[in-house]
Amino acid sequence: QVQLVQSGGGLVQAGGSLRLSCAASGRTFSSYTMGWFRQAPGKEREFVAYISRSGGITHYTDSVKGRFTISRDNAKNTVYLQMNSLKPEDTAVYYCAASTRPGFLTARATYTDWGQGTQVTVSS
């Protein structure tokens, strides 16, 4: 089990940028596949991005490709989500998540540990 503490987020105008951080406890951070999800009001929590244990493989949902970048620093036990060219439809609570499973993890059920969530609001 790993504990995840998120920071970042806030209110930004359309076209602006934000960076989310997610710090993990424990010494085995590099053994976790990490993901970011988001949940807009009245909607299901949806996959945004994931990054492999080494950081060499990333994958994004189509709506954020070319605008968002997921990265990780295993020495700092932290995963990041850089969000550029933000749109009002990106408004949601964003969650980081960890999984001990390798591979192509886009399903919510494959992640076992979750951050507390952080609000991102994009005004038009």
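One can find the structure itself at the top, above this paragraph.
Procedures and definitions
Residues numbered from 1 in each chain as written. Predicted model: local features only at pLDDT ≥ 70, side-chain atom pairs only at ≥ 80, totals over all residues. Heavy atoms only, no water. Core = buried A, V, L, I, M, F, W, Y, C linked by side-chain atoms within 4.5 Å. Buried < 20%, exposed > 50% of the residue type's maximum accessible area, 1.4 Å probe, protein only. Helix = DSSP H or I, 4+ residues; strand = E, 2+ residues; numbered from the N terminus. Contact = heavy atoms within 4.5 Å. Pairing = 2+ DSSP bridges. Axes fitted to C-alpha atoms, helices over the stretch in contact; angles between N-to-C directions. Salt bridge = Lys/Arg side-chain N within 4 Å of Asp/Glu carboxyl O.

Student: How do you make sense of the nonpolar core when you look at a structure like this?
Tutor: Counting 28 residues, the largest nonpolar core has Met 34, Trp 36, Leu 81, Met 83 and Tyr 94 as the members making the most contacts within it. Put simply, the parts of the chain that give this core at least two residues each are strand E3 (18–24), strand E4 (33–39), strand E5 (46–51), strand E7 (68–73), strand E8 (78–83), strand E9 (92–99) and strand E11 (118–123). Beyond its immediate stretch of four places on either side in the chain, Tyr 94 contacts Gln 6, Leu 20, Phe 37, Arg 38, Val 48, Phe 68, Leu 81, Met 83, Gly 117, Thr 118 and Val 120. Core analysis: the next-biggest nonpolar cluster, separate from the first, contains 6 residues, Phe 47, Tyr 50, Leu 105 and Tyr 111 among them.

Student: Is there a simple way to explain the side chain of Thr 110 in this structure?
Tutor: With respect to the helices and strands, the residue Thr 110 is situated in the loop between E9 and strand E10 (113–114). What Thr 110 contacts, discounting residues up to four positions off in sequence, is Ser 99, Arg 101 and Leu 105.

Student: How do you make sense of the sheet that holds E8 when you look at a structure like this?
Tutor: Strand order across the open sheet formed by 4 strands is E1-E3-E8-E7, with antiparallel pairing between neighbours. The two strands at the open ends of the sheet, each matched to only one other strand, are strand E1 (4–8) and E7. Put simply, the sheet's adjacent strands are angled 15° from each other on average, direction ignored. In this sheet, E8 lies alongside E3 in antiparallel orientation, the contact comprising 6 bridges. Bridge pairing links Ser 21 to Tyr 80 in E8.

Student: Hey, could you run me through the pattern of salt bridges in this one?
Tutor: Where charged atoms from two side chains of opposite charge come close, those side chains can pair. What the rule picks out here adds up to 4 salt bridges. Between Arg 38 and Glu 46 there is a salt bridge, with its nearest N and O atoms 2.7 Å apart. Between Lys 65 and Asp 62 there is a salt bridge; the shortest N-O distance is 3.0 Å. Given the relative accessible area of 45%, Lys 65 is considered partly exposed. For Asp 62, a relative accessible area of 60% puts it in the exposed group. Among the ionic contacts, a cluster of salt bridges with common partners joins Arg 38, Glu 46, Arg 67 and Asp 90.

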